[in-house]
Amino acid sequence: MPYGDTIPLHASSQSDIDEIENLINASIQSGPATVHPTRPLSPPRASIPVSSPFVASEISPQAYQKPPLVPPGVPPPASAAHRQNVGGGVGFGASPNTLTEPVWDTVKRDLSRIISNLKLVVFPNPNREDPGKALRDWDLWGPFFFIIFLGLTLSWSASVKKSEVFAVAFAVLAAGAVILTLNVLLLGGHIIFFQSLSLLGYCLFPLDAGAVICMLKNNAIIKLVVVSITLVWSSWAAYPFISAAVGPRRKALALYPVFLMYISVGFLIIAID
Amino acid sequence: MMSSGGYTTIDDQKISGSVPTFPPSEAQGKISGVFRPPPDADDTFSKPAPGSSSDGPQTGGWMSRLTIGSYKPYFDVDTSDVLERIKDSLFPFKATFTEKTANNPDLYGPFWICTTLIFVVAAISAFVAYLAHKWQKKAWDYDISLVTWSAGIFYGYVSLVPLGLYLILKYFSAPSGLVQLWCLYGYSLFIFIPASCLSVVPVEVFRWVVAGVAGFTSAAFVALNLRTHIMSAGERWFLIVAGIFFLQLALAVVVKFYFFTITVGASSS
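Model, not experiment: these values are computed from the prediction.

Chemist: Describe the environment of B:Ile168, naming the residues involved and giving the relevant values.
Modeler: Following the sequence through the fold, B:Ile168 ends up in helix H5 (residues 145–171). By relative accessible area, B:Ile168 is classed as partly exposed at 39%.

Chemist: Describe empty space enclosed by the protein, with residues and values.
Modeler: Residues and elements named next belong to chain B. Counting across every chain of the model gives seven cavities of 30 Å³ or more. Taken together, 13 residues line the largest cavity, and the ones lying closest to its centre are Phe192, Ala195, Ala211, Val255 and Phe260. Residue classes in the lining of the largest cavity are distributed as 10 nonpolar, two polar and one charged.

Chemist: Lay out a nonpolar patch on the surface with the relevant residues and their values.
Modeler: Residues and elements named next belong to chain B. Taken together, the side chains of Leu198, Val201, Val203, Val205, Phe206, Val209 and Val213 make up a nonpolar region of the molecular surface, amounting to roughly 570 Å² of accessible area. The greatest single-element share of the nonpolar patch, amounting to four residues, is contributed by helix H8 (residues 204–230). Positionally, Phe206 belongs in helix H8.

Chemist: Can you explain helix H6 (residues 178–188) of chain B? Please cite residues and give values.
Modeler: Residue and element names in this part refer to chain B. Burial analysis of H6 places eight of its 11 residues in the buried class, which makes it a mostly covered element. For H6, every residue scored as buried is listed here: Val179, Leu181, Cys183, Leu184, Tyr185, Gly186, Tyr187 and Ser188. Looking at the buried side of H6, the elements it contacts are helix H2 (79–89), helix H3 (97–101), helix H4 (108–135), H5, H8 and helix H9 (237–259).

Chemist: Tell me what's going on with the confidence of the model for chain B, and back it up with residues and numbers.
Modeler: Low pLDDT means the predicted coordinates in that region are not meant to be read closely. All names here are of chain B. Confidence in the prediction of chain B, expressed as mean pLDDT, is 76, and 75% of residues score 70 or more. Contacts for the low-pLDDT stretch residues 1–6, under 50 throughout, to residues beyond four places or in other chains number eight contacts. Every residue in residues 43–57 is under pLDDT 50, and counting partners more than four places away or in other chains gives 19 contacts. Taken together, the chains of this predicted complex give a pTM of 0.68 and an interface ipTM of 0.70.

Reading guide: rules and limits
Residues numbered from 1 in each chain as written. Chains lettered and ligands numbered in written order. Predicted model: local features only at pLDDT ≥ 70, side-chain atom pairs only at ≥ 80, totals over all residues. Heavy atoms only, no water. Helix = DSSP H or I, 4+ residues; strand = E, 2+ residues; numbered from the N terminus. Buried < 20%, exposed > 50% of the residue type's maximum accessible area, 1.4 Å probe, protein only. 1 Å grid on protein atoms, 1.4 Å probe; cavity = no way out; pocket = protein on both sides within 12 Å on 5 of 7 lines; lining within 4 Å. Points joined across faces, edges and corners; volume = space filled by probe spheres on them. Nonpolar A, V, L, I, M, F, W, Y, C, P; charged D, E, K, R; others polar. Patch = residues over 30% accessible without salt bridge, like charges linked within 9 Å, V, L, I, M, F, W, Y side chains within 5 Å. Areas by Shrake-Rupley, 256 points an atom, 1.4 Å probe, with all protein chains shown as cover. Salt bridge = Lys/Arg side-chain N within 4 Å of Asp/Glu carboxyl O. Contact = heavy atoms within 4.5 Å. pLDDT = per-residue confidence, 0-100.

This is the structure we're talking about:
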C-alpha cells in the first residue's frame, strides 16, 4: 500500500525492499533473522500502523520460538509469518517501541520532523527545485501548529471581537489551503492533496514570525515593512512547489490564489492592532 | 496467452494440463511481483478521478458530482483565456462574451474574481475607515465583520442571482446554461475591483461617481450579453433584462453605501 506512490523511490524505501528480500531468503535458509528497523524514525507513511504492532507482537514470539523446535522443514509458515511481520510495518521492530516509549521521545521525534520539514521548505536549500524530494516526509502537525499559532496571535492582538478574529483567521487559512489545493487539481495539475496542504501550512511560518513581531511593536510603518518582507518570503517558499505542479500555460492561474491568500493574511496582520 | 502488465507471455506449455501459474514463477524472490506503475508515472495514478478517463458519467448521477474529475471541464482555461475574458468584461457594448464562452464556460474566473473582490473591498474599506478616523484623531478598531459581510454579499450574489435567473428563464422557456450564467455574472464583477481601489479618494462625490460608472458598466455587460438570448423568451423579455440591469446597479449602490461611506464618531462600520 505504501508502494502506491509514484514518486521515485526514496533511498530508504529501496533499502526496505532489499531488506525484506534478505529476510525471506534468510528465513528459508535458517532460523530467525533479526529485523533492523530501516528508519529508526516514524512509522511507515500512509498506512494504518494500529494493527501491525499487535500483529507483530503476537507473531514475533512464535516466530522466534518455532525455528529452534522445528528445523527449516517449515520454511513456508515461518516465511509467511515473517512476510506478514514485515508486510505489516516496514520498521516493525520499532512499532512496539512507539507504544511503550516515553512521551518525550515521541514529541521529540515529531518536533525534529517539523523542524527538518521547515528547513526544507522555508529556508534556502539545494533540494528546493525538486518538489518531490522537498517534502518527502510531510506531516500535518507542523501546519496545524502554525495555523493555530497565527490565529491565536491575531486574536491576542485584536482589541475587539477576539474570538471572531480567531475564527476568521483559522477559517481563511484552513479552507484556503484546501481550496488552493483543489484549484491546482482542477486546473489539471499533479500534486498530492495532503502534501500540498502540508506545504502551504509550512509556508506560513514567516507570517507567524511577522505576526509576533507586529504584536510586540505596534508602529504602522514597522508593521508594513515586516509584513511585506514575510509575505515575500512566504510566497517565495511556496512558489517552486506550485509552479512545478501545473502546466506552463496555467502557472499564473495556479500561483495567483496563493499570493492572494498570503496577501490577505498579511493584511489581517497589519489591520489587527 | 494472455499478457498482463509487464509479464512475458507463457507460450510453451511445459506444464501439461495445468493453468499457467500466476504470478509467474520468475517473479519469486522479488517483492515486485505486484504490478506497479512505471516510475515516471505522475500522481494521477493515486487519485480517484483523474479526468476524462474517470467513471464520471457512468456511475450514478449524484455520486459523480463528488469527484474532482467531474468539475475539471469547468476549469479548462489557460491564463490567456482568463485575461481575455476579463478584458471583455470591461467593454460591455461589444456583447460578444456569451458567444465566446458558450462552449467553454469556466468557473475559475467567477470564483477567484469574487474572492479577490471580497478581499479588496474589505481591505480598502478598512483602509478608508482608518484614514478617516486618523484625520479626525479618533481611535479606530478593525471590524472583522467587514470581511464576513463582504464575503456573504458577493458570494451570495454570484451564486444565487444566476440561479434565480436560470429558473426564470426556464419558466419562460428560453433556457440558458447555468454554468454560462455563473461565468457571466462572475466576470461582470471584475470591474468593481478597480472601482474599489479608486474609492480610496476621500471625496464623497467622486466615490459616488465611481460606484455609478462601475455599476452601470457591470449591469450593461450582463444585460446586453443576455439580451439577444432573452428576446426569445416572449413579450416579457424587456422586463427581465431591465430587472437584471437594476439588480446589478443595486449591488453597486449597496456596496458603496455599506463599505465606502464612513461615519466617524458614531459606532464605526
